[in-house]
Amino acid sequence: MTKGIEGKVVLITGGSSGIGAETARLLAARGAKVAIAARRKDRLDEVVADIAANGGTARSYALDVTDKSAVQSVVAAIIADFGRLDVLINNAGLMPIRPMAEVNTDEWDQMIDVNLKGTLYGIAAALPGFLEQGSGHIINLSSVAGIKVFAPGGTVYSGTKFAVSAISEGLRHEVGEKVRVTSIEPGAVESDLKFTTSGTAAETVLDFYKQAIPTASVARAIAFAVEQPDDVDINAIVIRPTAQEF
């Protein structure tokens, strides 16, 4: 099935660490040409160097996914550098867990901007080209919190992830004849995401993540969706630790 990955040009947002970086390494090892984008350019360059040292092809692009014009520019740059774009993985995300009663509207805005608008901006930048070339694959990182509300504390986070799952399914209905759409819905995964929670809920979140599975587990799920033949669309994958009840 590696032939379904080999030669494809893949953009991964949030590619400087965690699921994004691990997915970049795996897809590059299977022959993809990987473009990783995030705000931390130094961390991106480390991932690119690691991929290159193992014989893979990768380039890094500084990007804030909340900047719509910047997302457009990065997609254009990738197409200029690689000649095309085949897969977009909307992976950038934040998860500050906090009771709504604390009314931290700054965190609400950040989650809406990164988790939801960032995903939409990625789709807006890549979709016209996918439709024009008659093929493409959009993979959105949702969450088990996009299936069941994570409360107390994760209500707004769940709201953004429910939206990502809904957008993925609606997009599939609209463009599914030409563009494949996948929603990846992980549970607790060992990554930097847990560190975006601060304050009173930080200890609870860190305790919850003691059961986390490695990022490589999610990377393999993403690779499974990418490697399928063109007439097969893996629409959703839910992946969580066997010990996780939520």
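Residues numbered from 1 in each chain as written. Predicted model: local features only at pLDDT ≥ 70, side-chain atom pairs only at ≥ 80, totals over all residues. Heavy atoms only, no water.

(A) Representation of the packing of aromatic side chains. Tallied over the full model, the rule gives one aromatic pair. Ring geometry for phenylalanine 150 and phenylalanine 246: centres 5.1 Å apart, planes at 35°, overall tilted. Separated by 96 residues along the polypeptide, phenylalanine 150 in the loop between strand E5 (137-141) and helix H5 (155-175) and phenylalanine 246 in the segment after strand E7 (236-239) bring together distant segments of the chain. Residue classification places phenylalanine 246 among the buried positions, given a relative accessible area of 18%. (Phe/Tyr/Trp six-rings, centres within 6.5 Å; stacked < 30°, edge-to-face > 60°. Helix = DSSP H or I, 4+ residues; strand = E, 2+ residues; numbered from the N terminus. Buried < 20%, exposed > 50% of the residue type's maximum accessible area, 1.4 Å probe, protein only.)

(B) The side chain of asparagine 115, seen in detail. Along the chain, asparagine 115 falls in helix H4 (residues 105-133). Among the residues examined, asparagine 115 registers a relative accessible area of 0% and is labelled buried. For asparagine 115, the side chain forms a polar contact with the side chain of threonine 160, separated by 3.2 Å. (Polar contact = N/O pair within 3.5 Å; in protein donor to acceptor, adjacent residues only side chain to side chain.)

(C) Molecular detail of the pattern of salt bridges. The full count for this structure, using the stated rule, is 10 salt bridges. Salt-bridge contacts for arginine 25 lead to aspartate 50; the nearest nitrogen and oxygen are separated by 2.7 Å. Taken together, the residues span a long stretch of sequence, with arginine 25 in helix H1 (residues 18-29) and aspartate 50 in helix H2 (residues 41-53) at a distance of 25 residues. Arginine 25 gets classed as partly exposed once you look at its relative accessible area, which sits at 31%. Exposure remark for aspartate 50: the relative accessible area of 30% places this residue in the partly exposed category. (Salt bridge = Lys/Arg side-chain N within 4 Å of Asp/Glu carboxyl O.)

(D) Examining the environment of histidine 173 more closely. Among the structural elements, histidine 173 can be located in helix H5. Each C-alpha atom, one on histidine 173 and one on lysine 3, is 27 Å from the other, the two residues being 170 residues apart in sequence. Engagement of the side chain of histidine 173 in a polar contact is seen with the side chain of glutamate 169, the distance being 3.1 Å. A polar atom in the side chain of histidine 173 sits 3.5 Å from the side chain of arginine 172.

(E) Region of the structure containing H4. Across its 29 residues, H4 extends 41 Å between first and last C-alpha, which sits within 8% of the 42 Å expected from 1.5 Å per residue. Of all the bends found along H4, the most pronounced is centred on lysine 117 and spans about 35°. Backbone geometry just after H4 places glycine 134 at a positive phi near 80°. (Expected span 1.5 Å × (residues − 1). Bend = angle between axes of the 7 residues up to and from the residue.)

(F) Quick look at the sheet that holds E5. Reading across from one edge, E3-E2-E1-E4-E5-E6-E7 is the order of the seven strands in this open sheet, with parallel pairing throughout. Since the sheet does not close on itself, it has two edges, and those belong to strand E3 (57-62) and E7, each with one partner. Pairwise comparison of adjacent strand axes, ignoring direction, gives a mean angle of 15° for this sheet. Looking at chain direction, E5 and strand E6 (residues 180-186) are connected through five bridges and run parallel. Along E6, the bridge assignment pairs histidine 137 with arginine 180. Contacts from H4 reach strand E4 (87-90) and E5 within the one sheet, and its direction differs from that of E4 by about 175°. (Pairing = 2+ DSSP bridges. Axes fitted to C-alpha atoms, helices over the stretch in contact; angles between N-to-C directions. Contact = heavy atoms within 4.5 Å.)

(G) Quick peek at H5. The first and last C-alpha atoms of H5 sit 30 Å apart over 21 residues, in line with the 30 Å expected at 1.5 Å per residue. For H5, the complete set of buried residues consists of Val156, Tyr157, Ser158, Thr160, Lys161, Val164, Ser165, Ser168, Leu171 and Val175. On its buried face, H5 is in contact with H4, E5 and E6.

(H) Highlighting the nonpolar core. Core analysis: the largest hydrophobic core is formed by 35 residues, its most contacted members being Leu27, Val34, Ile36, Ile89 and Ile222. Counting only elements with at least two residues in this core, the list comes to strand E1 (9-13), H1, strand E2 (33-38), H2, E4, E5, helix H7 (215-226) and E7. No other element matches the seven residues that H7 contributes to this core. Not counting the four nearest positions on each side in its chain, isoleucine 89 is found in contact with Val10, Leu11, Ile12, Thr13, Thr23, Leu27, Ile139, Leu141 and Ile222. Judged by nonpolar contacts, the second largest core, of 28 residues, contains Val71, Val74, Ile123 and Leu171. (Core = buried A, V, L, I, M, F, W, Y, C linked by side-chain atoms within 4.5 Å.)

(I) Geometry of the packing of H1 against H7. Closest axis-to-axis distance for the H1/H7 pair is 8 Å, and the angle between their directions is 55°. Of the possible angle classes, the one that applies to H1 and H7 is oblique. Every pair of crossing elements has a handedness; the one defined by H1 and H7 is right-handed. Across the interface between the two elements, Gly18, Ile19, Glu22, Thr23, Leu26 and Leu27 of H1 pack against Thr215, Ala216, Val218, Ala219, Arg220, Ile222 and Ala223 of H7. (Parallel < 35°, antiparallel > 145°, perpendicular 65-115°, else oblique. Left-handed = near helix turned anticlockwise from the far one by under 90°.)

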